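A structural walkthrough
So the chains spell out like this:
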Amino acid sequence: MSKVAIVGSGFVGATSAFTLAASGTVTEIVLIDINRNKAIGDALDISHGVPLMRPVDVYAGDYSDVKGSDIVIITAGANQKPGETRLDLVKKNTAIFKEMIPKLLSVNDKALYLIVTNPVDVLTYVTHKISGLPWGRVLGSGTVLDSSRFRFLLSRHCGIDPRNIHGYIIGEHGDSELAAWSLTNVAGVPFTEYCTICKSKCDANFRRKVVDEVRNAAYKIIENKGATYYAVAMAVRRIVEAITRDEKSILTVSSPLSNIYGVSDVALSVPSIVGKNGVESILELPLDDDEIKAFQKSAEIMANVIKELDI
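Being a predicted model, the structure only gives us computed values, none of them experimental.

The rules behind these values
Residues numbered from 1 in each chain as written. Predicted model: local features only at pLDDT ≥ 70, side-chain atom pairs only at ≥ 80, totals over all residues. Heavy atoms only, no water. Helix = DSSP H or I, 4+ residues; strand = E, 2+ residues; numbered from the N terminus. Rg over C-alpha atoms; globule rule 2.2 N^0.38 Å. Buried < 20%, exposed > 50% of the residue type's maximum accessible area, 1.4 Å probe, protein only. Contact = heavy atoms within 4.5 Å. Areas by Shrake-Rupley, 256 points an atom, 1.4 Å probe, with all protein chains shown as cover. Domains from an automatic or database assignment. Buried area = accessible area lost by both parts, 1.4 Å probe. Salt bridge = Lys/Arg side-chain N within 4 Å of Asp/Glu carboxyl O. Polar contact = N/O pair within 3.5 Å; in protein donor to acceptor, adjacent residues only side chain to side chain. UniProt positions renumbered as here; feature names shortened; annotations may be inferred. Pairing = 2+ DSSP bridges. Axes fitted to C-alpha atoms, helices over the stretch in contact; angles between N-to-C directions.

**Describing the overall build of the protein**
Secondary structure assignment for the protein yields nine helices and 16 strands. Taking 2.2 N^0.38 as the reference for a compact globule, 311 residues should give roughly 19 Å; the C-alpha atoms of the protein span a radius of gyration of 19 Å, in line with that estimate. The burial tally for the protein puts 53% of its 311 residues in the buried class. The long-range share in the protein, meaning contacts at least 24 apart out of those at least 6 apart in sequence, stands at 72%. Of the roughly 13800 Å² that the protein leaves accessible, carbon and sulfur atoms contribute 52%.

Below, the structure written as structure tokens:
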């Protein structure tokens, strides 16, 4: 796998293109945007740094240039405004996707489709339904970013490398997401037990504050600078790496569910094995009863949103 098409050259799309180019993960990146000049400018800006990195061809194109892409990354859509939730965006972006997805498929129905546009879970479900592509070949960036934020906050609290913290945010990429505390561990030690080692206060109130900070992270960033794009671009890079290298990595990507924790017919994030075929399998790991109920509540919220859509 070597070619990636990025549909949408806004903050997230352009930053993802730069991050992928700098990573050396792919050898060809085409940027596509309704604002052709923006895509041309971003491609030129990134290309001027190519002599300082591994060879990669970065250029602006149109839908026809999606042909031959191994992965189509969709970041196009209406932006989230201050005070607006991800779910507020759903009808606007669903309408955009209903027009865009068939055009992309007419050029390339063999690629994996990675959805990043918010609300990512609903739009992953919408893309899966519209496209008719086999399960696994449509996936969303989901809570890969949220899980990274979660690990960062725990690492800052415990004073250790976040790469030694293993934990997941699951469910919706949004207000109903939840932390799988029962699975969270530090160097293999359950988080609740590790607290006695690091001697930091890790009670229920602390855990609640951490999850609230993860949930509200995007709102805080948008309030301060208008958009989030650096960390989500790193999440996109991580997912693309797992696919192109066929890593079989466990990532909390979003995909349509079928009887996972009793949930079906919605797309949500759960730990999943990601490789060259996209989502290759979902891990139904042992959550506690409260976490399962919270996950099912998140699914109910998504299902109610989907019922309002014309797809």
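**As for the domain arrangement of the protein**
Here the domain parsing of the protein yields domain 1 (3-140) and domain 2 (143-308). A separation of 22 Å is found between the C-alpha centroids of domain 1 and domain 2. Between domain 1 and domain 2 the total buried area reaches about 3300 Å² when both faces are included, carbon and sulfur atoms providing 71% of it. Between Asp265 and Lys129 there is a salt bridge, with the nearest N and O atoms lying 3.8 Å from each other. Run the count over domain 1 and domain 2 and you get six residue pairs in polar contact (both at pLDDT 80 or more). Secondary structure elements with two or more residues in the side of domain 1 that touches domain 2: α1 (11-23), β4 (71-74), α3 (90-107), β5 (112-115), α4 (120-131) and β6 (138-140).

**So, the UniProt feature "binding site: beta-D-fructose 1,6-bisphosphate" (unreviewed entry) in the protein**
UniProt records the feature "binding site: beta-D-fructose 1,6-bisphosphate" (unreviewed entry) for Arg151 and His166 in the present numbering. A stretch of 16 residues holds the annotated residues, and the largest C-alpha distance among them is 7.1 Å, short enough that they meet in one place. Mapped onto the fold, Arg151 is located in helix α5 (residues 144-158). By relative accessible area, which is 26% here, Arg151 ends up partly exposed. In this view, Arg151 contacts Pro162, Arg163, Ile165 and Gly167; residues no more than four positions away in its chain are not counted. Within the structure, the side chain of Arg151 is placed 3.1 Å from the backbone oxygen of Pro162, a separation counted as a polar contact. Considering the arrangement of structural elements, one finds His166 in strand β7 (residues 165-166). Contacts of His166, omitting those with residues within four sequence positions, involve Leu183, Thr184 and Asn185.

**A short note on the sheet that holds strand β12 (residues 249-251)**
With antiparallel pairing, the three strands of this open sheet are ordered in space as β12-β15-β16. In this open sheet, the two edge strands, each paired with only one partner strand, are β12 and β16 (278-282). Each strand axis lies, on average, 40 degrees off the axis of its neighbour in the sheet, ignoring direction. Pairing analysis gives three bridges linking β12 to strand β15 (residues 272-275), with the strands arranged antiparallel.

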